[in-house]
Amino acid sequence: MRILVTGGAGFIGSNFIHFILKNVDGVEVVNFDKLTYAGNLENLAEIEKNPRYHFVKGDITSKENVESAITRFNVEGIINFAAESHVDRSILGPLVFSETNIIGTQVLLEAARKFSIKRYLQISTDEVYGSLGATGLFHETTPLAPNSPYSASKASADMLVRAYVHTFDLPAVLTRCSNNYGPYQFPEKLIPLMIINALSGKQLPVYGDGLNVRDWIHVEDHNRGVWDVFVKGRQGEHYNLGGMAEKTNIEIVKFILNHLGKDESQIKYVKDRPGHDRRYAMDVSFIGHELGWKPQIKFEEGLSSTIDWYLSHQSWWERILSGDYQSYFSENYKDRV
Ligand code: NAD
Ligand code: DAU
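> What's the story with the sheet that holds strand S11 (residues 246-248) in this structure? I'm lost.
The strands that make up a sheet pair up through hydrogen bonds in the backbone, lying either parallel or antiparallel. Taken together, the 3 strands give an open sheet; going across it, the order is S7-S9-S11, and neighbouring strands pair in mixed fashion. Each of the sheet's edge strands pairs with one partner strand only, and the pair in question is strand S7 (179-181) and S11. Taking the axes of each pair of neighbouring strands and ignoring which way they run, one obtains an average angle of 50° across the sheet. Pairing geometry for strand S9 (residues 213-218) and S11, over 3 bridges, is antiparallel. Across the sheet, Asp215 pairs through a bridge with Glu246, a residue of S11. Docked against the sheet, helix H8 (residues 249-259) engages S9 and S11, running at close to 80° with respect to S11. Of the strands in this sheet, S7, S9 and S11 touch helix H10 (residues 299-312), which is tilted by about 50° from S7.

Here you go:
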C-alpha cells in the first residue's frame, strides 16, 4: 500500500515516516510537503534513499498538486499532518491558518473522494476542545470550543471531515492528540526552545505565571496511535490520544535546566499569550478499549532522552537557527523530483 503523508517534513510527520519505515512492512510513503519554514528535509536525511520513501514538494491547498501526486504514485491512503501548527503565529497572522488548515483539508477530502481513497486520516488536536479548569478531562464527547485562530482552523477541518463521512460515506477517521515532544521539533515550541536557549545561555521566556498545564506525550507514542487508528479505527470515529502526563510549563522548564546542570537564573517571566488556554488533559480510555492503545513512554524518561537528543544533534538545530536548512531541498533534491 502507498500512503500520502502530508506535512511529512515537519516534526510529527517526519517522526511518523521514520516509524513506518522501521516498523511496518509492505507500506510505501509519499511525503507531500510544501516546505514552509516548519518543513525540514534534514529530518529525513537518513532514509531519503530508501526505495519505500518518495518526496513530492507540493501544497495541500492546490488541487493540481494533490491530484498529480495521488495519480503519479497510485496512492491508496492519506494521512494529513500538514498544517500551520504554532498558536503564537496564529495570533500574529491568522489567515494562512485558515487557508492551510481548512481549505487544504477540504482539497484533500475532495481528492480522497475523487480517487476513491481507501482510508483518510485527519490529524487533529486536543486544542479544539478549548480550555479546562483545575479538574476534569477532555472526552470524545466534549463539545468543541476552540479559542485561538489555530485551534479554530483545526476544529473547522474536523467538521469538514465529519461532513464528508456523513454525506459522501468517505472512509475517514480522525485523531486528536495532546502536546507532543521528541526529536526534530521546530525550536519555536516550548520544549526545544527552552533546551536550545538554555544551551545557548539565553533567557527562557515563560508566559504569564508559568502555571498553564499541558498533557505531554512522546511523539513515538502518538505515531503508534496514529497507525493503530489508520489500520483499525472505525469509519467516522474520532479518537483522543494523550500522554497522561500533565505538567505546568514552569515544571518543564525547571526539569530541562536541572537535566542540563544549569541554575534557574535564565528563567524570565514574560507577558502572557493572548487568550492563553489554561489547561489541557485527555481521557484516553476510549482508544484503549477500542484499539488497545496506551502511551508507553514515561514522561521523565522521554524528556530526558529528548534533551539528550538535542544535545547530540547541535548541528541540526544550528542549521535551523541560521536558516541553512532551507537550502537542503535545492541542494539535494533538484534532480530527484
Ligand atoms: P509542524 O509545524 O512541525 O509541521 C507542519 C508541516 O506541514 C511542515 O513540514 C510544513 O512544511 C507542512 N505544511 C504546512 N503547510 C503546508 C501546505 N499548505 N501544504 C503541504 N505541506 C504544508 O507541525 P507538527 O507539530 O508536526 O504537527 C503536525 C500535525 O499534528 C498538525 O496537523 C498539528 O495540528 C497536529 N498536532 C500537533 C501537535 C503538537 O504537539 N505538535 C499535537 C497535536 C496535533
Ligand atoms: O495541545 C496540542 C498542541 O500543542 C498542538 O495542536 C499545537 O500544534 C502545538 O503547537 C502545541 O500548542 P501549545 O500552544 O500548547 O504549544 P507551545 O509549545 O507553543 O506552548 C506550550 C506551552 O508553553 C503553552 O502554555 C505556552 C507556553 N510557552 C510557549 C512558548 C513557545 C511559554 O511559556 N513560552 C514560550 O516561549
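> Just checking my understanding: could you explain the nonpolar core for this structure?
Across soluble globular proteins, you tend to see nonpolar side chains buried next to one another. The biggest cluster of nonpolar side chains holds 48 residues, and the ones touching the most others in it are Ile3, Phe16, Leu41, Tyr53, Ile79 and Trp227. No other element matches helix H1 (residues 11-23), which puts 7 residues into this core. Listed in part, the 29 residues of the second largest apolar core include Phe186, Met194, Leu204 and Ile320.

> Can you walk me through unusual backbone geometry in this structure?
Residues other than glycine predominantly adopt negative phi, and peptide bonds predominantly adopt the trans conformation. Here the phi dihedral of Tyr184 falls at roughly 70°; this positive angle occurs in a residue that is not glycine. Among the secondary structure elements, Tyr184 is positioned in the loop between S7 and helix H6 (190-200). In the Ramachandran plot, Met244 falls in the positive-phi region, its phi being about 50° despite a non-glycine side chain. Along the polypeptide, Met244 turns up in the loop between strand S10 (238-241) and S11. Owing to a relative accessible area of 57%, Met244 belongs among the exposed residues under this scheme.

> Please explain the site of ligand 1 as it appears in this structure.
Around ligand 1 there are 28 residues in total, and Ile12, Asp33, Ser85, Tyr150 and Lys154 lie nearest to it. Here an oxygen atom of ligand 1 sits 3.0 Å away from a polar atom, N or O, in the main chain of Phe11. Between ligand 1 and the protein, one listed contact pairs a nitrogen atom with a backbone N or O atom of Lys34 at 3.1 Å. Of all elements in the fold, only H1, strand S5 (119-125), helix H5 (149-168) and S7 reach the threshold of two or more residues within the shell around ligand 1.

> Explain the packing of H6 against H8 here, please?
Two measures define how a pair of helices packs: the angle their axes make with one another and the distance between the axes. Contact geometry of H6 with H8 gives a least axis separation of 10 Å together with a crossing angle of 40°. As judged from the angle between their axes, H6 and H8 are oblique. Two packed elements cross with a definite hand, and for H6 against H8 that hand is right-handed. Contacts between H6 and H8 involve Leu190, Ile191, Met194, Ile195 and Ala198 on the former and, on the latter, Asn249, Ile252, Val253, Ile256 and Leu257. Among the residues forming the contact of H6 with H8, the class breakdown is 9 nonpolar, 1 polar and no charged.

Definitions and limits used
- Residues numbered from 1 in each chain as written.
- Chains lettered and ligands numbered in written order.
- Predicted model: local features only at pLDDT ≥ 70, side-chain atom pairs only at ≥ 80, totals over all residues.
- Heavy atoms only, no water.
- Pairing = 2+ DSSP bridges.
- Helix = DSSP H or I, 4+ residues; strand = E, 2+ residues; numbered from the N terminus.
- Axes fitted to C-alpha atoms, helices over the stretch in contact; angles between N-to-C directions.
- Contact = heavy atoms within 4.5 Å.
- Core = buried A, V, L, I, M, F, W, Y, C linked by side-chain atoms within 4.5 Å.
- Buried < 20%, exposed > 50% of the residue type's maximum accessible area, 1.4 Å probe, protein only.
- Near = heavy atom within 4 Å.
- Polar contact = N/O pair within 3.5 Å; in protein donor to acceptor, adjacent residues only side chain to side chain.
- Parallel < 35°, antiparallel > 145°, perpendicular 65-115°, else oblique.
- Left-handed = near helix turned anticlockwise from the far one by under 90°.
- Nonpolar A, V, L, I, M, F, W, Y, C, P; charged D, E, K, R; others polar.

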